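Chain by chain, the residues:
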Amino acid sequence: MADGAARLGLSVEASSAVPGELLRSARHVHATSFYRVPELAAGLAVLFKEAKSNKASTSLAIGGDPSGRWDRVVLDAVLRVTDVLLLDAAEAHALTGHPVLADAAGILARRGPLVVVRDGAAGALAHDGSKVRTVGALAVDAAAGGFDAGYVAAMLRGLGRERALTIAAESAR
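Now for a quick tour of the structure. (Residues numbered from 1 in each chain as written. Predicted model: local features only at pLDDT ≥ 70, side-chain atom pairs only at ≥ 80, totals over all residues. Heavy atoms only, no water.)

Concerning the environment of valine 117
Logical step 1: In this fold, valine 117 is placed in strand 4 (residues 114-118).
Logical step 2: A relative accessible area of 0% means that valine 117 is categorised as buried.
Logical step 3: Through-space distance from the C-alpha of valine 117 to that of alanine 89 is 6.0 Å; in sequence the pair is 28 residues apart.
Logical step 4: Residues within four places of valine 117 in sequence aside, it is in contact with Leu87, Asp88, Ala89, Ala92, Leu101, Ala105, Gly123, Ala124 and Leu125. (Helix = DSSP H or I, 4+ residues; strand = E, 2+ residues; numbered from the N terminus. Buried < 20%, exposed > 50% of the residue type's maximum accessible area, 1.4 Å probe, protein only. Contact = heavy atoms within 4.5 Å.)

What follows is the structure, encoded as structure tokens:
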């Protein structure tokens, strides 16, 4: 969404930057580069809450933190209104400080969203706070956009978490 907002000529300073008509007609709202666009991050909880009130699902791709701070204060408010959090293993470890990936994903999932984590040669996992689903090795860890798009597209088609995880892994190849 941050990239899309720039292409549409929208300001990303707050949730009010997205036209209400567009938000009301959306089936799904996806944001990316959370820590790279702080102005978007600050208003994202409000935007996602409004999207959810209009029956849209929400997803967030972290996209790294160039500052290395991994501030969780603003993120926690967003996670409460996020359906799917998409990130890589390094981001999951940095956000939680936990060395075991499944446990790190579980910590994040207990904050609200389904957590879907790419881990390159080790595969990928989805954690809903109680159950972990896994898929085998990913061909390329750098294909985050394809992985994320594959997961969200499968989810929106109602294919279930396990199938969505498999499709996401295939989309990253």
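On we go from here.
Focus on the pattern of salt bridges
Logical step 1: Evaluated as defined, the whole model comprises 7 salt bridges.
Logical step 2: Its salt-bridge partner being lysine 52, residue aspartate 83 comes within 2.7 Å of it at the nearest N-O pair. Residue aspartate 83 is located in the loop between helix 4 (72-79) and strand 3 (84-88), and its partner lysine 52 is located in helix 3 (residues 38-53); the two are separated by 31 residues in the primary sequence.
Logical step 3: Aspartate 83 sits in the partly exposed class, given a relative accessible area of 28%.
Logical step 4: Glutamate 162 is the salt-bridge partner of arginine 133, the closest N and O atoms lying 3.7 Å from each other. Of this pair, arginine 133 sits in strand 6 (residues 132-135) while glutamate 162 sits in helix 8 (residues 161-171); the two residues are 29 residues apart in sequence, bridging distant segments of the chain.
Logical step 5: Among the ionic contacts, a cluster of salt bridges with common partners joins Asp128, Arg133, Arg161 and Glu162. (Salt bridge = Lys/Arg side-chain N within 4 Å of Asp/Glu carboxyl O.)

Here we look at the packing of helix 3 against helix 4
Logical step 1: Contact pair helix 3 / helix 4: the axes reach a minimum separation of 8 Å and the direction vectors enclose 15°. As judged from the angle between their axes, helix 3 and helix 4 are roughly parallel. Considering how the two elements wind past one another, helix 3 and helix 4 form a crossing that is left-handed. Between helix 3 and helix 4, the residues in contact are Ala41, Ala42, Leu44, Ala45 and Phe48 and Val74, Ala77 and Val78, respectively.
Logical step 2: Here the contact of helix 3 with helix 4 is composed, by residue class, of 8 nonpolar, no polar and no charged. (Axes fitted to C-alpha atoms, helices over the stretch in contact; angles between N-to-C directions. Parallel < 35°, antiparallel > 145°, perpendicular 65-115°, else oblique. Left-handed = near helix turned anticlockwise from the far one by under 90°. Nonpolar A, V, L, I, M, F, W, Y, C, P; charged D, E, K, R; others polar.)

A short note on the pairing of strand 6
Logical step 1: Covered by surrounding structure in strand 6 are Arg133 and Val135 only, the residues Val132 and Thr134 on the alternate face being uncovered.
Logical step 2: As judged from the 4 bridges shared by strand 5 (residues 124-127) and strand 6, these two strands associate in the antiparallel manner. Across the sheet, residue leucine 125 finds its bridge partner in strand 6, namely threonine 134.
Logical step 3: The turn linking strand 5 back onto strand 6 is made up of 4 residues, and glycine 129 within it adopts a positive phi angle of 105°. (Pairing = 2+ DSSP bridges.)

Examining the environment of lysine 55
Logical step 1: By the secondary structure assignment, lysine 55 is in the loop between helix 3 and strand 2 (57-61).
Logical step 2: For the pair lysine 55 and arginine 24, spaced 31 residues apart in sequence, the C-alpha separation works out to 8.5 Å.

Section: helix 6 (residues 101-109)
Logical step 1: Turning to helix 6, its buried residues are Leu101, Ala104, Ala105, Gly106, Leu108 and Ala109.
Logical step 2: In this structure, the buried side of helix 6 is in contact with helix 4, strand 3, helix 5 (89-96), strand 4 and strand 5.

A short note on the packing of aromatic side chains
Logical step 1: Enumeration over the complete set of coordinates arrives at 2 aromatic pairs.
Logical step 2: Geometrically, the ring pair formed by phenylalanine 34 and tyrosine 35 is edge-to-face, given 5.0 Å between the ring centres and 90° between the ring planes.
Logical step 3: A residue is classified by how much of its surface remains accessible, and tyrosine 35, at 13% relative accessible area, is buried.
Logical step 4: Centre to centre, the rings of tyrosine 35 and tryptophan 70 are 5.5 Å apart; their planes meet at 75°, and the pair counts as edge-to-face. Separated by 35 residues along the polypeptide, tyrosine 35 in the loop between strand 1 (28-32) and helix 3 and tryptophan 70 in the loop between strand 2 and helix 4 bring together distant segments of the chain.
Logical step 5: Ring-pair connections join several aromatic residues into one group, and the members of that group are Phe34, Tyr35 and Trp70. (Phe/Tyr/Trp six-rings, centres within 6.5 Å; stacked < 30°, edge-to-face > 60°.)

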